[in-house]
There are 4 protein chains.
Amino acid sequence: MTNDINASCQNHSLVNSSLKIKLRTPLIIVNFKTYSEATGKKAVELAKHAEKVSRETQVQIVVVPQYADIAPVAGAVDIPVFAQHIDPVKPGNSTGHVLAESIKEAGAVGTLINHAEKQLKIADIDTIVSLTSEKNLISCVCTSNPQISAAIAYLNPDIISIEPPELIGTGVAVSKAKPEDITKTLLLVRKVNTKAIVLCGAGISRGEDVAVALKLKTQGVLAASAIVKAKDPYTVLRDFADATKQ
Amino acid sequence: MTNDINASCQNHSLVNSSLKIKLRTPLIIVNFKTYSEATGKKAVELAKHAEKVSRETQVQIVVVPQYADIAPVAGAVDIPVFAQHIDPVKPGNSTGHVLAESIKEAGAVGTLINHAEKQLKIADIDTIVSLTSEKNLISCVCTSNPQISAAIAYLNPDIISIEPPELIGTGVAVSKAKPEDITKTLLLVRKVNTKAIVLCGAGISRGEDVAVALKLKTQGVLAASAIVKAKDPYTVLRDFADATKQ
Amino acid sequence: MTNDINASCQNHSLVNSSLKIKLRTPLIIVNFKTYSEATGKKAVELAKHAEKVSRETQVQIVVVPQYADIAPVAGAVDIPVFAQHIDPVKPGNSTGHVLAESIKEAGAVGTLINHAEKQLKIADIDTIVSLTSEKNLISCVCTSNPQISAAIAYLNPDIISIEPPELIGTGVAVSKAKPEDITKTLLLVRKVNTKAIVLCGAGISRGEDVAVALKLKTQGVLAASAIVKAKDPYTVLRDFADATKQ
Amino acid sequence: MTNDINASCQNHSLVNSSLKIKLRTPLIIVNFKTYSEATGKKAVELAKHAEKVSRETQVQIVVVPQYADIAPVAGAVDIPVFAQHIDPVKPGNSTGHVLAESIKEAGAVGTLINHAEKQLKIADIDTIVSLTSEKNLISCVCTSNPQISAAIAYLNPDIISIEPPELIGTGVAVSKAKPEDITKTLLLVRKVNTKAIVLCGAGISRGEDVAVALKLKTQGVLAASAIVKAKDPYTVLRDFADATKQ
């Protein structure tokens, strides 16, 4: 963790007692998905590019590798690492489920929840947000439209990221194609919840898209393919980070 | 990998070209589930106990930690490591899914599939078995009764493990409570498939249960709580391993 | 439909143009679940008991039979019939899914959504509530705690029914065991949504439970086993209806 | 039921004691899906066309309407009616699930299981096939490739229908595009199971496709859009039926 971040004191005997990381805004979250360009050793390389941009620009960047890559990535970089999902389970007899304690011990400080590619029952979102709160993990719930964003705001996650599913992976930025969705999301969410960080995602491809997102009063973006599949991820991400300062 | 195992040593530049591990029988697979006794550092400690027993007894033991623990465990021990599940996805735009390539790069050489606590659609089992085959990963499909075992045998997994769900976690061993299910499973499976390793699981708690399982012509056991939650996992697992020699 | 109900009588050529039924409160909804006591001919008999109580007491009662029983029940009684669930699909190539148009043509005027025994993704709840609105069907979304109730209120269903899952089928009434959950639900929901009818359910077993529910300012109850599995469903339901007048 | 069919003697006091319908081959099953052309009143009309073709040609035709349309359809025609799916539940506290008893009382004599648009866990397929057997309902399990067909054959359904999902709804007939899949299915299935009726589906659009399917030794077809969405369903279905006699 850079010293820009109020880092969790690593208390190994009592994982749960560590403080929750405090993220600065504007915030750029990079979802590695299951892209081969961001799996295994390449996940570590990509995270290092992100760390470099974060260090150079002092912009807060979070990386979100696959579960099995959390430990190698968190061991290699000093920026926050999130999991892509956790399950609504407590330690015990579950097989193949993702336990909050497990991704935390591997070095994650938060998790995505309800991504459009991993949608959840509302009762499970509620349970998972509570679990992250108990474990001092940061919760970032993804939503698909303004009214669902407002609904989720009642469950008190740390971050809400609106991502219209029809724009994901298209290169058509939500901030340009659906600015009214972002504006409405902020309006509805802020009635309920003044603390949650609000991001937008889907199609965010270049610095300009980030700048527009911030002008619409979001506090950052959730991006994936534009960075992960770029020939030169460092340059694209640097462009994103620089755009937050416009 | 110990030299008891025909290890994938001819690592070409492409991960996928590595040979598939060949497991010896009798075989003991230890599923760590999401037990807190087998999460994070404790997963590594437990795997080391398993490695010690395997080295001392020359009995093949496989450990199955959570996804985020695969890399630390595989880096710490020289016995085969499996994932608890993989998803039927190829590299690409999936979030929160478990990619074959990812668990393989982290050090796993195989995976459980369709565990009673992570049941799958039949088309997905078929897809996942094919994926493991392409990636030279060992596939271990869990089944709940003899006819499902026979059905699964047609999909050509490397290992079939019959586990009557009502006995899982009970301490009442399948090999003692339902010997006829094991006998019938072997009878049906062998008509279709002579190569698959056949294991049994559910309630396997002590060496005696293992010995009975082998007498019934299985080639080993899939165990979990009896080992993971034991005060002294080494002793219990050593008892299991010694029993394979009776 | 009795003339107590503002029935959809202006049936134009298009089914969708029919007006939405307006339900009076207090309201008693009887979920038939898949109980054998409420399947097939017995569903029709039970619905007739409900109709009789409704006629005698002028209390609004809704019956919720299984899909295949909607047409026989709606053909036999003159009280509103709901489906137990609909799927978030439009007419087209889905197999085994429950189409809004289908249950409507069979005679249902509304549907339960997200019952604890049929929990849904939040995006699907949002889609289904929209579908019911388009089709002039009444939407009744079930929720498990106050904050989820408030979240759901943002999606604008016609009815919200809070049902703590741990009390379902126990005979321990939510109105007596968790009055604070009901009070908090109403407090949170009313900040967001002044129109939705708020019910409570789980363990509602006798008139007294209904009376307490109404004193807590709910507008009725969602009940199941206490009525469906009663030796004399008429008497139990009559007791419920009479209790709404205390 | 026509007298070509060994109809279930309707024993109202003991539904389960009725005999299972015996279907003749060649067999044409028409899946109504959730097409608006086959919902509500239109489901009844379409079923009447099917009945007419069946009566005129003496070819066995089964119709598969939505759940809520089973009672109206079964009340209107004298050919066998199937459900599109049932759930692996017994009578009791399930909401929104499809009970075998319910569709049977409504007049269905069988059910599709594991259609490509409603895929199931293997353990659930096994449970549902057992349930249909207990209730004297005909089970028709859909499969996506030859090895899954063989796997399913071990579970002893009455009918297995192979439907490569990539051809569903395309108008490109499986019998022409993938004859080798059909041949291999029959080869594998017949090793395990000599009794099951084997059908093929996906893209079956005209009599010629049916004739080819039968030449490949299937005992009929499972069709949907080509009939349901036809301007003149009677003529298309008559063409199908006539082709079975070539």
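Residues numbered from 1 in each chain as written. Chains lettered and ligands numbered in written order. Predicted model: local features only at pLDDT ≥ 70, side-chain atom pairs only at ≥ 80, totals over all residues. Heavy atoms only, no water.

Would you take a moment to explain the overall build of chain A for this structure?
Scanning chain A from N- to C-terminus turns up 10 helices and eight strands. At 16 Å, chain A has a C-alpha radius of gyration in line with the 18 Å of a compact globule built from 246 residues. Reported as C-alpha extents along the three principal axes, the dimensions of chain A are approximately 45 × 35 × 30 Å. As displayed, chain A has an accessible area near 8800 Å², and 50% of this comes from carbon and sulfur atoms. (Helix = DSSP H or I, 4+ residues; strand = E, 2+ residues; numbered from the N terminus. Rg over C-alpha atoms; globule rule 2.2 N^0.38 Å. Areas by Shrake-Rupley, 256 points an atom, 1.4 Å probe, with all protein chains shown as cover.)

Quick question: what am I supposed to make of the nonpolar core here?
The nonpolar side chains of a soluble globular protein tend to be buried with one another. Counting residues in hydrophobic clusters, the biggest one holds 300 residues, and the most contacted among them are F240 of chain B, F240 of chain C together with F240 of chain D. Setting aside chain neighbours within four positions, we find F240 of chain B in contact with I28, I204, S205, R206, G207, V210, V221, A223 and I227 of chain B. (Core = buried A, V, L, I, M, F, W, Y, C linked by side-chain atoms within 4.5 Å. Buried < 20%, exposed > 50% of the residue type's maximum accessible area, 1.4 Å probe, protein only. Contact = heavy atoms within 4.5 Å.)

I would appreciate a short explanation of the interface of chain B and chain A in the present structure.
Put simply, an interface is often sized by how much accessible area is lost when its parts join up. Listed as interface residues are 35 residues of chain B and, on the opposing side, 36 residues of chain A. Both sides together, the interface formed by chain B and chain A hides about 2800 Å², and carbon and sulfur atoms give 53% of it. The largest contributions to the chain B side of the interface with chain A come from T34, Y67 and T95 of chain B, which together make up 23% of the buried area. Viewed at the interface, chain A and chain B are joined by zero salt bridges. Counting every contact that joins chain B to chain A gives 19 residue pairs in polar contact (both at pLDDT 80 or more). Of all the elements in the fold, those that place two or more residues in the side of chain B that touches chain A are helix 2 (70–76) and helix 3 (100–105) of chain B. Sort the elements by how many residues they give to the side of chain B that touches chain A and helix 3 of chain B lands first, with four residues. Here the side of chain B that touches chain A is composed, by residue class, of 11 nonpolar, 16 polar and eight charged. (Buried area = accessible area lost by both parts, 1.4 Å probe. Salt bridge = Lys/Arg side-chain N within 4 Å of Asp/Glu carboxyl O. Polar contact = N/O pair within 3.5 Å; in protein donor to acceptor, adjacent residues only side chain to side chain. Nonpolar A, V, L, I, M, F, W, Y, C, P; charged D, E, K, R; others polar.)

Would you explain the relation of the copies chain D and chain C in this entry?
The relation between the two chain copies is a rotation about an axis coupled with a shift along that axis. For the pair chain D and chain C, the best superposition has an RMSD of 0.0 Å and corresponds to a rotation of 180 degrees with a translation of 0.0 Å parallel to the axis. In symmetry terms, the pair is related by a two-fold rotation axis. The C-alpha atom lying nearest the rotation axis in chain D is that of A68 of chain D; the distance is 2.3 Å. (Least-squares fit on C-alpha atoms with pLDDT ≥ 70 in both.)

Please explain the arrangement of the chains as it appears in this structure.
The smallest C-alpha distance separating chain B from chain C is 16 Å, and no contact links them. Chain A makes no contact with chain D; the smallest distance between any of their C-alpha atoms is 16 Å.

Which parts of the structure should I look at to understand the pattern of salt bridges?
For side chains bearing opposite charge, pairing can occur when the charged atoms are close. Under the definition given, this model contains 48 salt bridges over all chains. For E101 of chain B, the salt bridge identified is with K135 of chain B, shortest N-O distance 3.1 Å. One end of the pair, E101 of chain B, is in helix 3; the other, K135 of chain B, is in the loop between helix 4 (122–134) and strand 5 (138–143), with 34 residues separating them in the sequence. The pair formed by E101 of chain B and K135 of chain B is uniform in burial state, with each residue classed as buried. In this structure, a network of salt bridges that share partners links the residues K52, E56, R238 and D242 of chain A.

Is there a simple way to explain the sheet that holds strand 7 (residues 197–201) of chain D in this structure?
Across a sheet, paired strands are connected by hydrogen bonds in the backbone, their directions being either parallel or antiparallel. All names here are of chain D. Ordered by their spatial adjacency, eight strands build an open sheet running 2-1-8-7-6-5-4-3, and the pairing between neighbours is parallel. What marks the edges here is a single partner per strand, and that holds for strand 2 (60–64) and strand 3 (82–83). Pairing of strand 3 with strand 4 (residues 110–113), which is carried by two bridges, proceeds in the parallel orientation. Within the sheet, the bridge partner assigned to F82 lies in strand 4 and is G110. Across the sheet, helix 7 (residues 179–192) lies against strand 6 (159–162) and strand 7, angled at about 160 degrees from strand 7, the strand it touches most. (Pairing = 2+ DSSP bridges. Axes fitted to C-alpha atoms, helices over the stretch in contact; angles between N-to-C directions.)

Can you help me understand the relation of the copies chain B and chain A in this one?
Take chain B, turn it by 180 degrees, move it 0.0 Å along the axis, and it overlays chain A with an RMSD of 0.0 Å. Taken together, the interface assignments show that 100% of the residues at the interface of chain B recur at the interface of chain A, consistent with an identical surface on both copies.

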